[in-house]
Amino acid sequence: MSLPKICAAELMTENPRTVRVDDPIGEAVDVLQTMDFRHVPVVDDQGELVGMLSDRDLRALQLPYSEDAAVVDRALRKARGPVSTIMSGNVVSASPDADVTELMELMLDNKIGALPVVDGEGALVGIVSYVDVFRGLLEEEE
């Protein structure tokens, strides 16, 4: 099966919402919930991509039911910590000219649902999710 020639630049959300590496995890949770995202790029003080935060990363923060105040206190303290403590580093990314086949292979090989898109200098220019890929392929079929 031959896939249409669609590139990341055609599928991506440009200038995506980001969180900073030192933002409290609670703020990142708000971004994911209010923006209805499942993935958000994490940037440093210079705005360079240093990680990704997904709803999967946040599962570790689920507040345990416990009668032990120390257990609950540890969980609450972790939730107030910086995004850097739970984000995924060593980010897999794509270039704006990466074709749809490359995007799908990167997502499948790395078991991820979204890819940040970076330009030749490594600056974040967009993000493309598996939903964007599906939508783009369906639009090409119509």
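Note on numbering: residues in each chain are counted from 1, in written sequence order. This being a predicted model, a pLDDT of at least 70 is required before a residue's local features are given, and a value of 80 or more before pairs of side-chain atoms are given or counted; all residues contribute to the totals for chains, interfaces and linings. As a convention, hydrogens and water are excluded, and side-chain values are obtained from all of the structure's heavy atoms.

A. Representation of the pairing of strand E4 (residues 49–54). Summary of the burial criterion: residues with accessible area below 20% of their type's maximum are buried, those above 50% are exposed, and those between are partly exposed, where the area comes from a 1.4 Å probe applied to protein chains only. A run of H or I in DSSP counts as a helix once it spans at least four residues, and a run of E counts as a strand once it spans at least two, with each numbered from the N terminus. Where burial is concerned, most of E4 is hidden: five out of the six residues are buried. A pair of strands is considered paired only if DSSP assigns at least 2 bridges between the two. As paired elements, strand E3 (residues 39–43) and E4 share five bridges and run antiparallel to each other. Bridge assignment links Val40 to a residue of E4, and that residue is Leu53. Between E3 and E4, which follow one another and run antiparallel, lie five residues, and Gly47 among them has a positive phi close to 80°.

B. Main features of the nonpolar core. Nonpolar core, defined: a set of buried Ala, Val, Leu, Ile, Met, Phe, Trp, Tyr and Cys residues in which side-chain atoms within 4.5 Å join the residues together. One finds Leu11, Val100, Leu103, Leu115, Val128 and Val133 to be the most contacted residues of the largest nonpolar core, which totals 14 residues. Every element with two or more residues in this core is listed here: helix H1 (8–11), helix H5 (100–110), strand E5 (114–118) and helix H6 (130–141). With three residues, H5 is the largest single contributor of residues to this core. Leaving out residues up to four positions away in the same chain, Val133 has contacts with Leu11, Val100, Met104, Met107 and Val128. Core analysis: the next-biggest nonpolar cluster, separate from the first, contains 12 residues, Val19, Ile25, Ala28 and Leu58 among them. Working rule for contacts: check all heavy atoms of both residues, and any pair within 4.5 Å makes them a contact.

C. Examining the sheet that holds E5 more closely. Strand order in the open sheet formed by three strands is E1-E6-E5, with antiparallel pairing between adjacent strands. The outermost strands of the open sheet, each flanked by one partner alone, are strand E1 (13–14) and E5. Across two bridges, the pairing between E1 and strand E6 (residues 124–129) is antiparallel. By the bridge assignment, Thr13 is partnered in E6 with Ile127.

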